[in-house]
Amino acid sequence: MPQEPAKFAYWVPNVSGGLVTSTIEQRTDWGYEYNRELAVLAEDNGFDYALSQVRYMASYGAEYQHESTSFSLALLLATRRLKVIAAVHPGLWHPGVLAKLGATADHLSGGRFAVNVVSGWFKGEFTALGEPWLEHDERYRRSEEFIHALRQIWTEDHTQLAGDFYRLRDFSLKPKPLSTPERPHPEIFQGGNSSAARAMAGRVSDWYLSNGKDFGGVVEQIEDVRASAAQAGRSEPKFGLNGFLVARDTETEARETLREIVAKADTEAVEGFRGAVKQAGQSTADRKGMWQDSSFEDLVQYNDGFRTGLIGTPEQIAERIVAYRQLGVDLFLLGFLHYHEEVEYFGRRVLPLVRELESRLPDRRPDPAPLHV
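In this text the structure is predicted, and so the values were computed from the model without any measurement.

> Would you mind going over the pattern of salt bridges with me for this structure?
Opposite charge on two side chains makes pairing possible when the charged atoms of those side chains draw close. Inspection of the entire model under this criterion finds 26 salt bridges. The salt bridge involving R198 is made with E220; its shortest N-O contact spans 3.3 Å. In this pair, R198 is assigned in helix α6 (residues 195-204) and E220 in helix α7 (residues 215-232), connecting sequence segments 22 residues apart. Across the pair K264 and E260 runs a salt bridge, and its minimum N-O distance is 2.7 Å. What makes K264 partly exposed here is its relative accessible area of 36%. Take E260: its relative accessible area is 25%, and that puts it in the partly exposed class.

Following this line, the structure appears as structure tokens:
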């Protein structure tokens with residue numbers, strides 16, 4: 001059967017400081033008016049999803065932040081087709097409360113609300129709010145239980161759950177979110193690079209979002225998630241990949257922009273972030289956690305977006321996107337330096353090339369194998 005076209009999402013810049021921790025000019029704003037215009041521009045330029053970030057207090061260049069669920073709803077009401085994913089933390093949200101909010105947002109938007117369950121890397125937020133900070137694998141165990149509860153509340157009545165983290169006793173949500181055969185409830189995304197994250201994705205999530213990776217890293221993660229899904233006897237989740245996109249008319253221009261971003265990095269902020277997130281990778285038994293092998297340059301884009309390699313001319317970027325698509329990447333979660341201008345450039349110059357290359361692909365996607373490039 002024909003392979004579905006690649007889907008595209010963008011990181012909503014609802015926190016200050018842009019998507020790179022650098023003093024380079026970023027013509028991007030964290031306020032609502034800018035983001036409302038961006039959402040309309042994005043859906044008119046081929047974007048399917050937007051992901052609202054979540055930070056609860058100032059940290060590492062993000063001095064100000066808008067809360068993700070309320071901001072997501074505002075963007076949903078400003079658009080017609082765009083699906084908006086709100087990032088949330090188990091431990092700070094109860095699944096029943098989030099399920100209620102999600103059902104309302106889903107009705108108000110005609111079925112376009114989604115959620116990204118974030119297991120958490122920022123210990124300071126939890127301790128500042130007086131909430132317990134769990135060790136790494138326990139955070140993923142809590143997230144898995146959270147997703148079980150959320151899906152059950154959204155699809156069943158008289159929910160019963162006696163878990164290690166959540167208790168539900170004959171709980172029924174009405175109205176439930178909108179439901180179709182293709183989407184029985186709002187889509188559930190999750191992130192994380194660790195073995196615990198990959199196993200959890202295979203067991204319970206609709207989408208698995210990876211930090212930026214090269215071809216080999218993507219293949220490894222997809223294989224792990226697929227194996228977990230097969231062991232659980234369920235369909236594999238779809239796979240999303242983070243990437244920071246710098247498309248310019250010439251490769252030299254694009255590479256110079258990347259060089260300038262890194263040269264003007266806010267060293268203190270990047271090093272502070274590095275110190276905070278390294279514990280996430282180092283606290284896993286097999287050292288496969290997020291940011292475990294990230295360099296200083298990688299962390300200037302705080303989700304390793306440079307590592308995906310979407311830097312160059314429209315032709316170069318389109319070819320790389322389609323190569324990732326052939327490996328099994330379903331969605332590209334993109335960040336930009338100057339959002340309005342670059343989202344429009346992507347829709348006008350890059351996306352048509354992606355669609356042209358996709359039209360030439362064989363109908364059946366081959367099993368993923370590492371590429372040597």
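We are not done yet, so read on.
> What exactly am I supposed to notice about the packing of aromatic side chains here?
In this description, a pair of aromatic rings is defined by centroid distance and the angle of the planes. Here the structure, examined in full by the defined rule, presents 19 aromatic pairs. Taking the centre distance of 5.0 Å and the plane angle of 65 degrees together, the rings of F8 and F346 count as edge-to-face. With F8 in strand β1 (residues 7-12) and F346 in helix α12 (residues 339-359), this pair connects stretches of sequence that are 338 residues apart. When its relative accessible area of 0% is taken as the criterion, F8 is described as buried. Geometrically, the ring pair formed by Y49 and F189 is edge-to-face, given 5.7 Å between the ring centres and 75 degrees between the ring planes. Taken together, the positions of Y49 in strand β2 (residues 49-52) and F189 in strand β7 (residues 188-190) put the pair 140 residues apart, joining distant regions of the chain. In this pair, the class of Y49 matches that of F189, namely buried. A cation over an aromatic ring shows up here: R55 above the ring of Y302, its NZ or CZ 5.2 Å from the ring centre. Between R320 and the ring centre of F215, over which it is positioned, the NZ or CZ distance is 4.5 Å.

> Looking at this structure, how should I read the side chain of Q26?
Tracing the chain through its elements places Q26 in the loop between β1 and α1 (32-43). Assessed through its relative accessible area of 16%, Q26 is described here as buried. In terms of polar contacts, Q26 uses its side chain to reach the backbone amide nitrogen of L19, at 3.1 Å. One polar contact links the side chain of Q26 to the main-chain carbonyl oxygen of V20, over a distance of 3.0 Å. Other than its neighbours up to four places away in sequence, Q26 contacts G17, G18, L19, V20, L337 and H338.

> What should I look at first to understand the side chain of S68 in this one?
Its place among the elements puts S68 in helix α2 (residues 68-78). Only 2.5 Å separates the side chain of S68 from the backbone oxygen of A87, close enough to count as a polar contact. Discounting residues that sit within four places of it in the chain, S68 has contacts with N14, S52, Q53, V54, A86 and A87.

> When you look at the pairing of strand β3 (residues 83-88) in this model, what are you seeing that I'm missing?
Here is the key point about a regular strand: its side chains alternate between the two faces of the sheet. Judged by how many residues are buried, β3 sits mostly within the fold: five of six residues are covered. Examined bridge by bridge, β2 and β3 share four bridges and lie parallel to one another. Paired with L51 across the two strands is I85, which belongs to β3. A crossover links β2 with its parallel partner β3, the connecting element being α2, and its sense is right-handed. Pairing of β3 with strand β4 (residues 113-117) involves five bridges; the strand directions are parallel. Across the sheet, residue V88 finds its bridge partner in β4, namely V117.

Cut-offs and rules
- Residues numbered from 1 in each chain as written.
- Predicted model: local features only at pLDDT ≥ 70, side-chain atom pairs only at ≥ 80, totals over all residues.
- Heavy atoms only, no water.
- Salt bridge = Lys/Arg side-chain N within 4 Å of Asp/Glu carboxyl O.
- Helix = DSSP H or I, 4+ residues; strand = E, 2+ residues; numbered from the N terminus.
- Buried < 20%, exposed > 50% of the residue type's maximum accessible area, 1.4 Å probe, protein only.
- Phe/Tyr/Trp six-rings, centres within 6.5 Å; stacked < 30°, edge-to-face > 60°.
- Lys NZ or Arg CZ within 6 Å of the ring centre and 35° of its normal.
- Polar contact = N/O pair within 3.5 Å; in protein donor to acceptor, adjacent residues only side chain to side chain.
- Contact = heavy atoms within 4.5 Å.
- Pairing = 2+ DSSP bridges.
- Right-handed = clockwise from strand over helix to strand, strands pointing away.

Coordinates in, geometry out; function isn't part of it.
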